[in-house]
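Secondary and tertiary structure notes
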Amino acid sequence: MSTRILAKRAFLRRDPSENRCRPIDKRRTRYYNTSKMNDSKKNDKEAIHVSLGIEFSRKLALAYNAVCKPLCRELGLSKTAFDILMFLGNNPAYKTARDVVELRCLKANLVSVNVDRLVQEGYLTFEGEALHLAAGDRRKTELLCTDKAQPVIARGRQLQSAFFQRLFADMDDGARRAFFAAMEIMDQNLNAILEAEE
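Residues numbered from 1 in each chain as written. Predicted model: local features only at pLDDT ≥ 70, side-chain atom pairs only at ≥ 80, totals over all residues. Heavy atoms only, no water.

Focus on the side chain of T80
Relative to the assigned elements, T80 resides in helix α3 (residues 79–90). The residues touching T80, leaving out its near neighbours within four places in the chain, are L106, L110 and N114. (Helix = DSSP H or I, 4+ residues; strand = E, 2+ residues; numbered from the N terminus. Contact = heavy atoms within 4.5 Å.)

Considering the confidence of the model for the chain
When pLDDT is averaged along the chain, the result is 80; 68% of the residues meet or exceed 70. Low confidence marks residues 1–32, where pLDDT is under 50. Its contacts with residues over four positions away, or in another chain, come to 19 contacts. (pLDDT = per-residue confidence, 0-100.)

Notes on a nonpolar patch on the surface
On the surface, F56, L60, F164 and L167 cluster together into a nonpolar patch covering about 350 Å² of accessible area. When residues of the nonpolar patch are traced back to their parent elements, those giving at least two are α2 (34–75) and α7 (149–167). Residue placement: L167 occurs in helix α7. (Patch = residues over 30% accessible without salt bridge, like charges linked within 9 Å, V, L, I, M, F, W, Y side chains within 5 Å. Areas by Shrake-Rupley, 256 points an atom, 1.4 Å probe, with all protein chains shown as cover. Salt bridge = Lys/Arg side-chain N within 4 Å of Asp/Glu carboxyl O.)

Thoughts on the pattern of salt bridges
Here the structure, examined in full by the defined rule, presents five salt bridges. Measuring nitrogen to oxygen at the nearest pair gives 3.3 Å for the salt bridge that ties E55 to R58. You can see E55 and its partner R58 sitting in helix α2, three residues apart, about one turn around the helix. Among the salt bridges present, the one from K79 reaches D83, with a minimum N-O distance of 2.8 Å. In this pair, K79 and D83 both sit in helix α3, four residues apart, roughly one turn of the helix. On the basis of relative accessibility, which here comes to 6%, the residue D83 falls in the buried class. (Buried < 20%, exposed > 50% of the residue type's maximum accessible area, 1.4 Å probe, protein only.)

Some points on unusual backbone geometry
Backbone geometry follows two general trends: most residues other than glycine have a negative phi, and most peptide bonds adopt the trans configuration. Of note, C105 is a non-glycine position whose phi angle comes to about 55°, a positive value. As for its placement among the helices and strands, C105 is situated in the loop between α4 (97–104) and α5 (108–120). The class for C105 is exposed, based on a relative accessible area of 66%. Despite not being glycine, D170 has its phi angle at roughly 70°, a positive value.

Dropping the structure here:
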């Protein structure tokens with residue numbers, strides 16, 4: 001007879017009157033605090049939501065980088081150079097290398113190297129260069145996209161539009177409106193948090 005069957009018979013005894021199995025020692029019955037179990041499940045769900053948030057942001061960046069790669073290769077631009085041109089083209093209110101670093105979250109040394117390259121290749125030009133270079137702080141120098149940069153920006157906008165269409169695929173208008181409404185509310189909440197912490 002197998003060890004598994006012997007162990008099972010040692011733990012269980014057939015009760016003929018009820019035709020069911022019952023524990024040999026009822027004193028072993030344990031009572032669990034279900035409220036703590038529910039809290040544990042709640043914490044697990046919260047952890048899953050956080051994990052999904054991290055995964056979502058990582059996948060979003062990976063997917064965007066993947067769709068940008070062929071265009072960057074075709075244009076002969078690094079991804080950082082492409083990001084700089086798209087940031088300046090899409091956000092005319094922001095014009096300095098410091099803006100690119102802070103708002104686009106790119107490393108300062110990469111921005112500096114790629115801005116110099118974009119200037120040399122005719123995609124960008126400095127506004128008020130003499131003044132700021134004399135002051136010794138090029139981060140405050142306004143960067144202007146040249147005519148040569150416009151076709152690149154136009155291609156980039158087409159790519160971004162197609163990317164977001166794929167991202168929102170299978171979402172009806174109601175779901176999209178709810179998504180953007182939630183983002184607007186969270187933006188307001190973030191503003192309130194930042195103001196309270198100042």
